[in-house]
2 protein chains.
Amino acid sequence: MPDPHGLTGIGSLITNDPNLGDGPLGIMRDAAILIDGDRIAWVGPAGELDSSVPVVDLESRAVIPGFVDSHAHLVFAGDRSAEFAARMTGESYAAGGIRTTVMATRAASDDALRVRTRDLADELARSGVTTFETKSGYGLTVEDEARSLRIAREFTDETTFLGAHVVPEGIDADSYVELVCGAMLEACADNARWIDVFCDRGAFDVDQARQILSAGMARGLLPRIHANQLQHGGGVQLAVELDAASADHCTHLDDADIEALAGSKTVATLLPGAEFSTRAAYPAARRLLDAGATVALATDCNPGSSYTTSMPLMVALAVREMRMSPDEALWSATAGGARALRRTDVGVITSGARADLVSLDAPDHVHLAYRPGVDLIDRVWVSGHLRPTRKQR
Amino acid sequence: MPDPHGLTGIGSLITNDPNLGDGPLGIMRDAAILIDGDRIAWVGPAGELDSSVPVVDLESRAVIPGFVDSHAHLVFAGDRSAEFAARMTGESYAAGGIRTTVMATRAASDDALRVRTRDLADELARSGVTTFETKSGYGLTVEDEARSLRIAREFTDETTFLGAHVVPEGIDADSYVELVCGAMLEACADNARWIDVFCDRGAFDVDQARQILSAGMARGLLPRIHANQLQHGGGVQLAVELDAASADHCTHLDDADIEALAGSKTVATLLPGAEFSTRAAYPAARRLLDAGATVALATDCNPGSSYTTSMPLMVALAVREMRMSPDEALWSATAGGARALRRTDVGVITSGARADLVSLDAPDHVHLAYRPGVDLIDRVWVSGHLRPTRKQR
């Protein structure tokens, strides 16, 4: 379409701006949108759209901001379907967990990693994701972490250095923390916006996490943390202490954690795909929301514990399993993800925001939870351009 | 493709014939398929395929039998997303339940019903379903039930007369049962293969169900039953007593029910979409399987309690929530569904079977549960013909 152009025939429009419409989602009926270049130039009543611009008629479809997936691990090789099947059926399986993927990733060519990352990025787009974060963390050597971030940066600006995913074989924990904070950080920082640590049982403790995040922050990276997934620990409190953009997982929270999150700018990013795929109990989204914490939803796409790219399924699980309302779930999967990335230009449909939009084959966003597993993604605009949403063969 | 033609490059092939390959699924590696007209003419080692036929190279994708969805309600108008949202958030909602859909369906034109049914049938096909059953049950007058079945029959041969869905307003139960067994059955039977009753709290009791099913059987229809969804009752035992093809839902079972099913030809058809969308406890699939009962999985697609067409999600829920293995879930969603429809020509990939096949964007069927919410359907063949799997706009 030529610039500028309009979108009309919108059945319901989620702006995420309470000033523009009803409720926290700022829902508008009979609205139109004007797109100019990569930006939304105007949002308002359909009758007030400049009648000289060409328009796309969305035939009563709902329009939502593109999903913001603030937590994914897309740069890896291999899969762990056998480990998944064994876990689900209660069979023992001598799985190496993350280390299995590390070995496969190190052995893969740049092109193999690039193709996998591209395929997953395409899947995300087909599920309506217009902004996504992705991490290193399956290289765990200076060269392999740097390579992962170079490849990640080809697909997104929201890249995260996660050298501190686990301690790899062949090196003791103290030496590895030193490496992560030194040569590895130096090799990775130019291609990363964020620094992250897996602060949990079997990975890194709070002191190690603080040391790593502080080193990254001194190098200009912004902190975020894998916190409290496998057991209760100090990860969430550390996230708040460091003003991390997000504490991710939050599966095991006590009252003090919830209070700390509610009193901070740190977003609680919930990843129900991980609980779904490991048959774990879901995080206490209801308690977080009722306390006033900011909640984001993300996929955690990774080959071990959540090999999904479906933000619509995360919304459905949030409603079914975590008792979020359909409105809360939609907000958390869009504006919530944007907050978790400290972004104000995405996750909203307002004048000046990036033109990242999704139209649904449904009259409203409730259908994302009401119709679980159904592909309701109609069209996806990224920076004002329609992205192919059908698979290419 | 011209006839005959071959499929090669199959990463793994699920035949559901233990004589053809490994385990109950009859899994073959390095296999090829020969399609001739609407039938599978041959299945065997890739090296033995007739080299003179043209071939499609599936590039290491898995191939499975098309899903058989043996329980769906596709002929209706309106939606109940507001009722869904209220139920999920614990708000009270003066919903009429099934009766809301009955009013909308009666008010809809033939064309409106036809378009909705077609859209849902297309969704089923895109999720890999190659055979589906669908029911009347939202008309509940002689004319509206007959109309629903006429429209249903345009899309599938597996049509079910479900006049006994609920007792509609304006008539007492005894008179309605008499109507269902009399004029309504007479008006519907020519377009139905099956007769069904919702035998549960708030619908029809066992005696009424027996009367209705017997009337249908006397008219040449085959019985199936909605049994034991909302509470424990005699529906499952009645299904076994009448040699019904299937007892559907089976959410509340006691030991005697499980024993009766295991000792019968009646399939236990589990509909986890209903438990997902109503936040109910899931059926005891593990106990059924361990006792030797035959289990099918189906969508229960309907606007009130399970508005999904996704057999892949049913497989993922069966694994996650009902502790079926990925192999058991795949079998139940294909061969199990075929048993629930007393069909031997579908749900298998063997010589002479209907050429109903699905290729997956995955190396094996485990990925259907391992990658929840992800569209893994590559190509769908129905009766030997490729069906469009991408949305048409």
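Note that this is a predicted model, so its numbers are computed, not measured. (Residues numbered from 1 in each chain as written. Chains lettered and ligands numbered in written order. Predicted model: local features only at pLDDT ≥ 70, side-chain atom pairs only at ≥ 80, totals over all residues. Heavy atoms only, no water.)

Section: the overall build of chain A
For chain A, the helix and strand inventory stands at 13 helices and 16 strands. Scaling as 2.2 N^0.38, a compact globule of 393 residues should have a C-alpha radius of gyration of about 21 Å, and chain A matches this with 21 Å. If you line up chain A on its principal axes, its C-alpha atoms span 65 × 45 × 45 Å. A total of 393 residues make up chain A; the buried ones form 62% of that total. Counted over contacts in chain A with a minimum sequence separation of 6, partners at least 24 positions apart contribute 70%. A total accessible area of about 13,400 Å² is found for chain A, and carbon and sulfur atoms account for 48% of it. Within chain A, the 55 negative side-chain charges are centred at a point lying 4 Å from the centre of the 36 positive side-chain charges. (Helix = DSSP H or I, 4+ residues; strand = E, 2+ residues; numbered from the N terminus. Rg over C-alpha atoms; globule rule 2.2 N^0.38 Å. Buried < 20%, exposed > 50% of the residue type's maximum accessible area, 1.4 Å probe, protein only. Contact = heavy atoms within 4.5 Å. Areas by Shrake-Rupley, 256 points an atom, 1.4 Å probe, with all protein chains shown as cover. Lys, Arg positive; Asp, Glu negative; His and termini not counted. Charge placed at Lys NZ, Arg CZ, Asp CG, Glu CD.)

Brief notes about the interface of chain A and chain B
Across the contact, 49 residues belong to chain A and 49 residues belong to chain B. Linking chain A with chain B are 2 salt bridges, by the criterion used here. A salt bridge links R371 of chain A to E123 of chain B, with the shortest nitrogen-to-oxygen separation between them at 2.9 Å. Here chain A and chain B share 22 residue pairs in polar contact (both at pLDDT 80 or more) between them. Looking at the side of chain A that touches chain B, the elements with two or more residues in it are helix 1 (81-89), helix 3 (110-126), helix 9 (272-278), helix 11 (311-322), helix 13 (367-370) and strand 15 (377-382) of chain A. Here the side of chain A that touches chain B gets 6 residues from one element, more than from any other, and that element is helix 11 of chain A. Partitioning the side of chain A that touches chain B into residue classes produces 22 nonpolar, 10 polar and 17 charged. (Salt bridge = Lys/Arg side-chain N within 4 Å of Asp/Glu carboxyl O. Polar contact = N/O pair within 3.5 Å; in protein donor to acceptor, adjacent residues only side chain to side chain. Nonpolar A, V, L, I, M, F, W, Y, C, P; charged D, E, K, R; others polar.)

Structural notes on the packing of aromatic side chains
Within this structure, the stated rule accounts for 10 aromatic pairs over all chains. When the ring of Y370 of chain A is compared with that of F84 of chain B, the centres are 5.5 Å apart and the planes differ by 40°; the resulting orientation is tilted. Linking Y370 of chain A in helix 13 with F84 of chain B in helix 1 (residues 81-89), this pair reaches from one chain into another. The buried category is assigned to Y370 of chain A, whose relative accessible area is 2%. When the centroid spacing of 5.7 Å and the interplanar angle of 70° are considered together, the rings of F76 of chain B and Y307 of chain B count as edge-to-face. Of this pair, F76 of chain B sits in the loop between strand 6 (67-69) and helix 1 while Y307 of chain B sits in the loop between strand 13 (295-297) and helix 11 (311-322), and the two are 231 residues apart along the sequence. The exposure class of F76 of chain B is buried, given its relative accessible area of 1%. Under the relative-accessibility criterion, Y307 of chain B is labelled buried at 5%. Through successive ring pairs, a cluster of aromatic residues spans F76, F84, Y138 and Y307 of chain A together with Y370 of chain B. The aromatic ring of W194 of chain B is capped on one face by R224 of chain B, whose charged end is 4.4 Å from the ring centroid. (Phe/Tyr/Trp six-rings, centres within 6.5 Å; stacked < 30°, edge-to-face > 60°. Lys NZ or Arg CZ within 6 Å of the ring centre and 35° of its normal.)

Topic: the sheet that holds strand 12 (residues 267-270) of chain A
Residues and elements named next belong to chain A. The 8 strands are arranged 6-7-8-9-10-11-12-13 in an open sheet whose pairing can be described as parallel. The open sheet has two free edges, formed respectively by strand 6 (67-69) and strand 13 (295-297), since each of these has just one partner strand. Ignoring which end each strand starts from, the neighbouring axes of this sheet average 25° apart. Sheet topology places strand 11 (residues 246-249) next to strand 12; 3 bridges connect them, and they run parallel. In the sheet register, D248 faces strand 12, and the bridge partner there is T269. The strands that helix 12 (residues 326-340) touches are strand 6, strand 9 (194-199), strand 10 (222-227), strand 11, strand 12 and strand 13; relative to strand 13, the one it contacts most, it runs at about 100°. (Pairing = 2+ DSSP bridges. Axes fitted to C-alpha atoms, helices over the stretch in contact; angles between N-to-C directions.)

Topic: the pattern of salt bridges
Inspection of the entire model under this criterion finds 60 salt bridges over all chains. Across the pair D356 of chain A and R354 of chain A runs a salt bridge, and its minimum N-O distance is 2.6 Å. Each of the two residues, D356 of chain A as well as R354 of chain A, counts as buried. Residues R87 of chain B and E83 of chain B are paired through a salt bridge, measuring 3.8 Å at the closest nitrogen-oxygen approach. Pair noted here: R87 of chain B and E83 of chain B are both in helix 1, with a separation of 4 residues, about one helical turn.

Here we look at helix 3 (residues 110-126) of chain B
All names here are of chain B. For helix 3, built from 17 residues, the straight-helix expectation of 24 Å at 1.5 Å per residue is met to within 8% by its first-to-last C-alpha distance of 24 Å. Within the sequence span of helix 3, burial applies to L113, T117, L120, A121, E123, L124 and A125. Those residues of helix 3 hidden inside the fold are in contact with strand 6, helix 2 (98-107), strand 7 (129-135), helix 4 (142-153), strand 15 (377-382) and strand 16 (385-387). Phi turns positive one or two residues past the end of helix 3, at G128, with a value near 95°. (Expected span 1.5 Å × (residues − 1).)

Some words on the pairing of strand 14 (residues 357-360) of chain A
Residue and element names in this part refer to chain A. In strand 14, alternate side chains face the same way, and those of L357 and S359 on one face and V358 and L360 on the other are all buried. The pairing of strand 5 (residues 55-65) with strand 14 spans 4 bridges and is antiparallel. Note that in strand 14 the partner of V63 across the bridge is S359. Inspection of the sheet shows strand 14 paired to strand 15 by 4 bridges, in the antiparallel sense. The partner of L357 across the bridge, within strand 15, is W381.

A look at the relation of the copies chain A and chain B
Laying chain A over chain B is done by rotating through 180° and shifting 0.0 Å along the axis; what remains is an RMSD of 0.0 Å. Here the transformation between the copies is reduced to the relation of a two-fold axis. For chain A, the minimum C-alpha distance to the rotation axis belongs to G373 of chain A and amounts to 2.8 Å. In this assembly the copies share their binding face: 100% of the residues contributing to the interface of chain A also contribute to that of chain B. (Least-squares fit on C-alpha atoms with pLDDT ≥ 70 in both.)

What about the domain arrangement of chain A?
Buried accessible area, meaning the area lost when the parts come together, often serves as the stated size of an interface. Residues and elements named next belong to chain A. When its domains are assigned, chain A resolves into domain 1 (5-66 + 347-392) and domain 2 (68-340). Using only C-alpha atoms to locate each centre, domain 1 and domain 2 end up separated by 29 Å. Where domain 1 abuts domain 2, roughly 1,700 Å² becomes buried across the two surfaces, and 68% of that area is made up of carbon and sulfur atoms. Contact with domain 2 buries area across many residues of domain 1, yet G66, L368 and R387 alone supply 24% of it, more than any other trio. (Domains from an automatic or database assignment. Buried area = accessible area lost by both parts, 1.4 Å probe.)

A word on the environment of A247 of chain B
All names here are of chain B. Relative to the helices and strands, A247 resides in strand 11 (residues 246-249). The spacing of A247 and D200 is 47 residues in sequence and 12 Å in space, taken between C-alpha atoms. Excluding its chain neighbours within four sequence positions, the residues that come into contact with A247 are I225, A227, V236, A239, L261, T266, V267, A268 and T269.

A few points about the sheet that holds strand 13 of chain B
Residues and elements named next belong to chain B. With respect to topology, 8 strands assemble into an open sheet ordered 6-7-8-9-10-11-12-13, the strand pairing being parallel. A single partner strand is all that each edge strand has here, and the edge strands are strand 6 and strand 13. Mean inter-strand twist for the sheet, computed between neighbouring axes without regard to direction, equals 25°. Taken together, the 3 bridges between strand 8 (residues 158-164) and strand 9 (residues 194-199) define a ladder with parallel strand orientation. Paired with T160 across the strands is W194, a residue of strand 9.

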